[in-house]
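# Geometric and topological summary
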Amino acid sequence: MKNLLILGAGTAGTIMANKLHHRLDTTDWQITIVDRSALHYYQPGFLFIPFGLYQPEQVVRRKSDFLPAGARFVIGEIDRIDPENNQVVLTSGQCLPYDDLIIATGADIHPEETDGLKGSLWRKSVFDFYTFDGAVALANVLKDWPGGRLVVNISEMPIKCPVAPLEFLLLADDFFTRRGIRDRVELHFVTPLSGAFTRPKASERFGGLLTAKGIRVTPDFSIARVDEAEKAIVAWDDQSVPFDLLVTIPTNKGDAAIERSGLGDELSFVPTDKHTLRSSRYPNIFAIGDATNVPASKAGSVAHFESEVLVENILSAIAGQPLAAQFDGHANCFIESGHGKGLLIDFNYEAEPVTGTFPLPNVGPFSLLKETRLNHFGKLAFRYAYWNLLLPGHVMPLVGSHMSLAGKDLS
Amino acid sequence: MITKTYAGKAVAVNEEGYLLDSQAWDEKIAAAIAAEEGIPELLPAHWQVIYFMRKAFAERGDGPSIRQLTKESGVDTKHLYQLFPKGPAKKAARVAGIPKPHGCI
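In this report, the structure presented in the accompanying data block is examined. (Residues numbered from 1 in each chain as written. Chains lettered and ligands numbered in written order. Predicted model: local features only at pLDDT ≥ 70, side-chain atom pairs only at ≥ 80, totals over all residues.)

## Regarding the interface of chain B and chain A
Spelled out, the test is: Contact criterion: two residues are in contact if their C-beta atoms, reconstructed from the backbone, are within 7 Å. Only DSSP runs of H or I covering at least 4 residues are called helices, and only runs of E covering at least 2 are called strands; the numbering of each starts at the N terminus. Basically, the charged four are Asp, Glu, Lys and Arg, the nonpolar ten are Ala, Val, Leu, Ile, Met, Phe, Trp, Tyr, Cys and Pro, and anything else, Gly included, counts as polar.
At the junction of the two partners, chain B supplies 14 residues and chain A supplies 13 residues. Residue assignment for the side of chain B that touches chain A shows that the elements contributing at least two residues are helix H3 (66-72) and helix H4 (77-83) of chain B. Here the side of chain B that touches chain A takes 4 residues from H3(B), the largest share from any one element. Looking at the side of chain B that touches chain A residue by residue, the class counts come to 5 nonpolar, 5 polar and 4 charged.

## Looking at the nonpolar core
Residue and element names in this part refer to chain A. Where we set the bar: A set of buried Ala, Val, Leu, Ile, Met, Phe, Trp, Tyr and Cys residues, joined to one another through C-beta atoms within 7 Å, is what we call a nonpolar core. Exposure criterion: with C-beta atoms placed from backbone coordinates, a residue whose C-beta has 20 or more other C-beta atoms within 10 Å is buried, one with 12 or fewer is exposed, and one in between is partly exposed.
Core analysis: the biggest nonpolar cluster contains 146 residues, and Met 16, Leu 169 and Ile 288 have the highest contact counts within it. When residues in this core are grouped by element, the largest group, 8 residues, is from helix H3 (residues 164-178). Other than its neighbours up to four places away in sequence, Ile 288 contacts Ala 12, Met 16, Ile 102, Ala 104, Leu 277, Ala 303, Glu 306, Ser 307 and Leu 310.

## Some points on the sheet that holds strand E18 (residues 245-249) of chain A
Residues and elements named next belong to chain A. Filter applied, for reference: In this analysis, strands are considered paired if DSSP registers two or more bridges between them.
Sheet architecture is open: 5 strands sit in the order E11-E18-E12-E13-E14, paired in parallel fashion. Looking at strand neighbours, the two that pair on one side only are strand E11 (126-127) and strand E14 (216-218), the edges of this open sheet. Relative to strand E13 (residues 185-190), strand E12 (residues 148-154) runs parallel, the two sharing 6 bridges. Counted as the bridge partner of Gly 148 is Val 185 from E13.

## Side note on helix H4 (residues 200-212) of chain A
All names here are of chain A. Selection rule: Here the expected length of a helix is defined as 1.5 Å per residue gap, with one fewer gap than residues. The arc in question is the one traced by the directions running from the helix axis out to the C-beta atoms.
Its 13 residues give H4 an end-to-end C-alpha distance of 18 Å, which sits within 8% of 18 Å, the value for a rise of 1.5 Å per residue. Here H4 has its buried residues at Ala 202, Arg 205, Phe 206, Leu 209 and Leu 210. Projected down its long axis, H4 shows its buried positions confined to an angular sector of 135°, all on one face. Structural note: H4 exposes Gly 208, Thr 211 and Ala 212 on the side pointing more than 90 degrees away from its buried face. At the exit of H4 stands Gly 214, carrying a positive phi of roughly 70°.

## Some details on the pairing of strand E21 (residues 331-338) of chain A
Residue and element names in this part refer to chain A. The buried fraction of E21 is high, at 8 of 8 residues. Of the two faces of E21, both are covered, the one formed by Ala 331, Cys 333, Ile 335 and Ser 337 as well as the one formed by Asn 332, Phe 334, Glu 336 and Gly 338. In this structure, E21 lies alongside strand E22 (residues 341-347), joined through 7 bridges in antiparallel fashion. Each bridged residue has a counterpart across the sheet, and for Ile 335 the counterpart in E22 is Leu 343. Turn length for the E21-E22 hairpin, with the two strands adjacent in sequence and antiparallel, is 2 residues, and the turn residue His 339 shows positive phi of about 55°.

Following this line, the structure appears as structure tokens:
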């Protein structure tokens, strides 16, 4: 019996388990998947919890409900990956051998990387919404918050979901307007990037949206520490921004098990070939989703598009054939802009987000890089698509793993 | 493709001012680009960073991230921001004649 081992049963790991279950000969291959938790969180939902738009229970389900029968689901903590011996050792001492390994261990926030961030102000006036607990804690504060200076700050790049901080600000603008206290709140986006986003046209569009809603933007700010006494964030060049409430997107790093195994880069992401998704060091180790170091956005849609490529390449590797499928960095994201509207961006390694229609030319029905009500519904409908289409490993209709140029305004 | 002249030499740059060919670089070009970036004089610490960046690019095919710079260049973070204000990884890459690092995604 050969072993296909998947580390991490989040979005990417679950999709791979389901896709491979359909394609591998299960009399020959045993699929095993490891995770430290029995619960699956819909991470895109965390953004809505602080504003009371989703209730916490709407974003949690049991992982076992989404894994294929026949796959062995092991709940445990990984101690380290031992590539020389083709095995993974758990902290319990259990040894999991593999013929092929898929690393899907994701990324997490590490506030302790920035001086003073996880200090005396943590969960008192400094919050995150990138964890379930963080989002729930922030919801409890925001509902009665009397107003003041609310700063959203990104510590460093890369982060999961680079649009989420922008969405947070746009939803906050909406939230405080509804509470009737928008004029008592100063919203301020402080970012290490030179603009609102990582690509020029989208950066300009988002920057414009923020300005139109009276949201201040301070770019080129690299946080060195939090001055706990002054309640301010301080940059390496000594620029200082005071806050009453700080919503931080701390440094994102890959799983500690990757670091312990000596398999990660300086942020514990796995060095991975950006097209084949094979690890740079071991021919029978592959990586997918937030755990890799590929220069694509860390987003669920990217994990989905990667999975279509990785499935083919794993089957080729098993058959001893060259890896023919190539990932193009495709990402597709609905973005909440508040007041019942949203935007949609569709891009890849080479092409930045542009205006146009998606997925079909003219007919759309979605509009790219433009605020529409339909895009907002697309974002909300995505939760249904996530649980029912994406996780089970189905193909999304009309949306291929490679970014399409159809419908795009290219000048 | 855009051509710019630095210290009497014509070089091809992209729309953000990064040299298209890192081999076309020399120290005079570095000084000229640095001046454009508001750095009037290149000190030994600047050169330490510049040569570290060129070496990293030659070895890895990509400029180092700010994290790699602070850990491996021998120059600490605070000093890096003093030498190359506002975005040392991007700025030093430009002065060093290598492409903008892919770190920002």
